[in-house]
Amino acid sequence: MTCPRPIPQERSPLRKLALLAGAGLLAGCANFAPPHVRPALPTASDYPAGYAGDQVPGQRATEIRLAQFLVDPRLEALVSQALQRNRDLAVAVARIEEARGLYRIQNADRLPTLDASSDVTASRQAGTTATRSAVGVAVTGFELDFWGRVRNLSEAARSEYLATRQAERAFRLSLIRDVASAYFASREADERIALADATVQSRREAVRIAKRRLDAGVTSALDYRQSESLLTQAETEAAGLRLARAQSDNLLAVLVGGPVAGPLPPPLPLARQTATPALAAGLPSELLVARPDVLAAEERLRAARANIGAARAAFFPRISLTGAAGFASTALGSLFSGDGLTWSFGPSISLPLFNGGRNKANLTVAQARENIAVATYEVTVQAAFREVADALAGRQYYARQVEAGTRGVTAARRIARLARLRYREGVASYLEVLDAERTLFAAEQQLIQLRRAQADNLVALYVALGGGAT
């Protein structure tokens, strides 16, 4: 029988270190993490046909750039400033860097750590002086990941990092919607203030005429007081609208990240804000890959399942390797000679015998967190479905409301004109004029509100479908 050829002693340390590194790379064949399966869609397979099935064909929101969708150049400029200067967005970006660093720290445990050292020691005993020089590299406590504990912890950290990236994108979409909503609220206030101011001027003239008619004995004091009430209604509305505009502008300044940098392009009226590209809703299943909040929830579910694998691996032995190789000599000139070669190699194993149920409790926690992550994912999908469905319904019904409101304003103007003619001819009382003027003012204000809601809803639909690429 022929024995294997022995490895030369001077090469064994390097080979042992190579074997140590190779063992680490080949370790982790077992994986106790549950396989990742995307939960079944907890919603209907399509959006309600009543307001989604008859929609006109259009582009996917993810195919339309933000600059193409926003038709108002001033709104586009405000959104651009917000994406650059918003403080909450800066926090979200910093959290990405934090999660990336945590992932790199955790992933580093999958590879052996090599440390180089060099030292010179001088000593004197019994009148004799001795000097010892040493240089070498060492691997300390490298865990052989046979059960996938380290790998699963690394996968969990990676999924948390990816979830943070998606969360930052979700915040960007939310910021776009918030800026648009605040901007439309400010535009609504501007248009309603202009209407209220014009109404105040006309009603002041009406009060002046009513006072002259009262002084001439042509009309009664009741008619005069009623004309005054119309004026105070418009003045009260104008003051309240100016307060609403101030609040919207203050919110917009916070969202943009500070005072709005100008000069800005001129704004478009609300009636032109709805000339956006047509959007195709697609299927609810497409939200699973288009919505960043859904993708973030799925990544957190992956992390929870990876943590289960790490918790299960804790029940098995933990094997670590320690090795070192180098040269040592009492004479610096002979430090790197063959006689100065030193090495050490030692595995260690630890097996959990009793820890008061800690490992079992950790597994229970990990499994509970997986259940939480599944439910959170399903709730996120359902919320995304509802947001799209609400916006689709709004796209259809707001358009109908604006159309009906436009006809209503036209009718109210005719009624007010006829009421004023009837009053001048003495056919009707001023109460009829009062009622007609109030109806007209309310109808005009409501139409502006409906146009703002329609524009706001279209941006909400774009964002809900996952659009917003810049």
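It should be noted that the structure appears before, not after, this text.
Below you will find a few notes about this structure.

What follows deals with the pattern of salt bridges. Close approach of charged atoms lets side chains of opposite charge pair. With the rule as written, the count across this model stands at 26 salt bridges. Residue Arg422 is joined to Glu432 by a salt bridge in which the shortest nitrogen-to-oxygen separation is 2.9 Å. Of this pair, Arg422 sits in helix α10 (residues 358–424) while Glu432 is found in helix α11 (residues 430–464), placing the two residues 10 residues apart along the sequence. Classification of Arg422 as partly exposed rests on a relative accessible area of 35%. It is possible to trace a salt-bridge network through shared partners that takes in Arg38, Glu298, Glu299 and Arg302.

Over the atoms rolls a probe the size of a water molecule, and in doing so it shows where empty space is left. Taken as a whole, the largest pocket encloses approximately 500 Å³ of empty space. Forming the boundary of the largest pocket are 20 residues, of which Ala206, Arg420, Tyr430, Val433 and Glu437 lie nearest the centre. At the level of elements, α6 (149–215), α7 (221–256), α10 and α11 are the ones that each hand at least two residues to the lining of the largest pocket. Ranked by residues supplied to the lining of the largest pocket, first place goes to α6 with 7 residues. Among the residues forming the lining of the largest pocket, the class breakdown is 10 nonpolar, 3 polar and 7 charged. Quantified by volume, the second largest pocket comes out at close to 360 Å³. Along its surface, the second largest pocket is lined by 18 residues, and Asn307, Ala311, Asn362, Ala366 and Arg369 are the ones closest to its centre. Those elements that place two or more of their residues in the lining of the second largest pocket are α6, α9 (292–313) and α10. In terms of residue class, the lining of the second largest pocket is made up of 10 nonpolar, 3 polar and 5 charged.

Here we take up the packing of aromatic side chains. What the rule picks out here adds up to 7 aromatic pairs. Considering the side-chain rings of Phe32 and Phe316, the 4.9 Å spacing of their centres and the 10 degrees angle between planes classify their relative orientation as stacked. Of this pair, Phe32 sits in the loop between α1 (12–26) and α2 (49–52) while Phe316 sits in the loop between α9 and β3 (318–329), placing them 284 residues apart in sequence. Its relative accessible area of 24% is what places Phe32 among the partly exposed residues. Here the aromatic residues Phe32, Phe146, Trp147 and Phe316 are joined through ring pairs into a cluster of three or more. A cation sits over an aromatic face here: Arg203 above Phe441, 5.3 Å from the ring centre.

Further remarks concern the packing of α7 against α11. Packing of α7 against α11 brings their axes to within 9 Å, and their N-to-C directions diverge by 15 degrees. Classified by the angle their axes make, α7 and α11 are roughly parallel. Crossing geometry of α7 relative to α11 is assigned as right-handed. Here Asp223, Gln226, Ser227, Ser229, Leu230, Gln233, Ala234, Glu237 and Leu241 of α7 come into contact with α11, specifically with Tyr430, Leu431, Leu434, Glu437, Arg438, Phe441 and Gln445. Counted by class, the contact of α7 with α11 contains 7 nonpolar, 5 polar and 4 charged residues.

For Ser159, the position within the fold is in helix α6. On the basis of relative accessible area, Ser159 is assigned to the buried category, the value being 5%. If near-sequence neighbours (up to four positions away) are discounted, Ser159 is found in contact with Glu299, Arg302 and Ala303.

A few words on the packing of α6 against α11. Where α6 meets α11, the closest approach of the two axes is 9 Å, and the angle between their N-to-C directions is 165 degrees. Classed by the angle they form, the pair α6 and α11 counts as roughly antiparallel. α6 and α11 meet at a crossing whose hand is right-handed. Tallied by class, residues from the contact of α6 with α11 come to 13 nonpolar, 4 polar and 10 charged.

Let us look at the side chain of Glu143. Mapping Glu143 onto the fold places it in strand β2 (residues 128–144). Only 2.8 Å separates the side chain of Glu143 from the side chain of Arg149, close enough to count as a polar contact.

Inspection of the secondary structure assignment puts Leu231 in helix α7. Here the alpha-carbon distance between Leu231 and Thr199, two residues 32 residues apart in the chain, equals 8.0 Å. Contacts of Leu231, omitting those with residues within four sequence positions, involve Val200, Arg203, Arg204 and Val207.

Here Asn359 is to be found in helix α10. Taking relative accessible area as the criterion, Asn359 reaches 12% and is therefore assigned buried. For the pair Asn359 and Ala314, spaced 45 residues apart in sequence, the C-alpha separation works out to 6.5 Å. Setting aside residues up to four positions removed in sequence, Asn359 forms contacts with Ala314, Phe315 and Pro352.

The next subject is α11. Counted at 1.5 Å a residue, the expected span for α11 with its 35 residues is 51 Å, and the 50 Å between its end C-alpha atoms agrees. By the criterion of burial, α11 is predominantly enclosed, with 25 of the 35 residues buried. After α11 finishes, the residue Gly466 shows a positive phi value of roughly 95 degrees.

Conventions we followed
- Residue numbering note: each chain is counted from 1, following its sequence as written.
- Reporting in this predicted model follows two pLDDT cut-offs: at least 70 for local features of residues, and 80 or more for side-chain atom pairs to be given and counted; totals over whole chains, interfaces and linings ignore these cut-offs and use all residues.
- Side-chain measures here rest on the full set of heavy atoms in the structure, leaving out hydrogens and waters.
- Throughout this description, the term salt bridge denotes a Lys or Arg side-chain nitrogen within 4 Å of a carboxyl oxygen of Asp or Glu.
- Secondary structure follows DSSP: runs of H or I at least 4 residues long count as helices, runs of E at least 2 residues long count as strands, and numbering of each begins at the N terminus.
- Throughout this description, buried means an accessible area under 20% of the type-specific maximum (1.4 Å probe, protein chains only), exposed means over 50%, and partly exposed covers the range between.
- Cavities and pockets were defined on a 1 Å grid built from protein atoms only: a cavity is a group of points that admits a 1.4 Å probe but offers it no way out, a pocket is an open group of points flanked by protein on both sides within 12 Å along at least five of seven lines, and a lining residue is one with an atom within 4 Å of any such point.
- Grid points are joined across faces, edges and corners, and a volume is the space filled by probe spheres set on the points.
- Under the scheme applied here, ten amino acids are nonpolar (Ala, Val, Leu, Ile, Met, Phe, Trp, Tyr, Cys and Pro), four are charged (Asp, Glu, Lys and Arg), and all others, including Gly, are polar.
- Each pair of aromatic rings taken from Phe, Tyr and Trp, with Trp reduced to its six-membered ring, is defined by centres within 6.5 Å and is described as stacked if the planes are under 30 degrees apart, edge-to-face if over 60, and tilted in the remaining cases.
- We call a charge positioned over a ring when the NZ of a Lys or the CZ of an Arg lies within 6 Å of the ring centre and within 35 degrees of the ring normal.
- Axis definition: a line fitted to C-alpha atoms, limited for helices to the stretch in contact. Angles are taken between N-to-C directions and run from 0 to 180 degrees.
- Geometric relationships in this document are graded by angle, where less than 35 degrees denotes roughly parallel, more than 145 denotes roughly antiparallel, 65 to 115 denotes roughly perpendicular, and other angles denote oblique.
- Two helices crossing with the near one rotated counterclockwise from the far one by less than a right angle form a left-handed crossing, whereas a clockwise rotation gives a right-handed crossing.
- Every residue pair with non-hydrogen atoms within 4.5 Å of one another is taken to be in contact.
- Polar contact criterion, stated in full: a pair of N or O atoms within 3.5 Å, where within protein one must be able to donate a hydrogen and the other to accept it, and residues adjacent in sequence count only if both atoms are side-chain atoms.
- One fewer than the residue count of a helix, multiplied by 1.5 Å, yields its expected span.

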